[in-house]
Amino acid sequence: MDALPRRGRRIRVGLTLLAGAVLLAGTLWGQDDHFPFGPFRMYAGSNPPDDPAPDTRVEGVDATGTVVGLGEDATGIRRAEIEGQQGRYTEDPSLLRQVADAYAERHPDAPPIVEVRIVIRWYGITDGRPTGNSVDETVVRWQAS
């Protein structure tokens, strides 16, 4: 086996130190979007044992008044995308029209969606165990004009 030349060792050590510095900086000042050089905080914490557990869903109401689940199978939009953009939807509920449009593209023969809402079901938790109780909260609503 040939020995690595001095220049090659210097380059490898330099790259290793650079990668270490970037990882350290990302850990201290980075956000999830900087992954893999920033912290991945999605699972880094836990809620207190008596805090309710949220379960977010998107649902729509079609022109006949039927409530329709607007999950990934129905729209092609992943739940994580909705949850990640929830602040934008809250600021501008008209953005939810995109969800209705995505549904219409996948279901051209279905009645049109006239309302889209983001609903959080809060599951009751006591001492880290589910209580069996839940409460639905509509956090954003868009209605077709």
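Preceding this paragraph is the structure being described.
Residues numbered from 1 in each chain as written. Predicted model: local features only at pLDDT ≥ 70, side-chain atom pairs only at ≥ 80, totals over all residues. Heavy atoms only, no water.

Participant: Go over the side chain of Arg117 with me, naming the residues and quoting the values.
Facilitator: Within the fold, Arg117 resides in strand E3 (residues 113–126). Exposure remark for Arg117: the relative accessible area of 13% places this residue in the buried category. A polar atom in the side chain of Arg117 sits 2.7 Å from the side chain of Glu59. A polar contact is formed between the side chain of Arg117 and the side chain of Glu115, at a distance of 3.2 Å. (Helix = DSSP H or I, 4+ residues; strand = E, 2+ residues; numbered from the N terminus. Buried < 20%, exposed > 50% of the residue type's maximum accessible area, 1.4 Å probe, protein only. Polar contact = N/O pair within 3.5 Å; in protein donor to acceptor, adjacent residues only side chain to side chain.)

Participant: Give a description of helix H5 (residues 97–106) that names residues and reports values.
Facilitator: Turning to H5, its buried residues are Val99, Ala100, Ala102 and Tyr103. Viewed along the axis of H5, the buried residues span an arc of 160°, placing them on a single side of the element. As for H5, its buried residues are in contact with strand E1 (53–62), strand E2 (67–69), helix H2 (72–75), helix H3 (79–84), E3 and strand E4 (129–143). (Arc of directions from axis to C-beta. Contact = heavy atoms within 4.5 Å.)

Participant: Outline the pattern of salt bridges, supporting the account with residue identities and numerical values.
Facilitator: Applying the stated criterion across every chain yields a total of 10 salt bridges. Between Arg97 and Asp101 there is a salt bridge, and its shortest N-O distance comes to 4.0 Å. In this pair, Arg97 and Asp101 are both assigned in helix H5, 4 residues apart and thus about one turn of the helix distant. With relative accessibility at 37%, the residue Asp101 sits in the partly exposed group. (Salt bridge = Lys/Arg side-chain N within 4 Å of Asp/Glu carboxyl O.)

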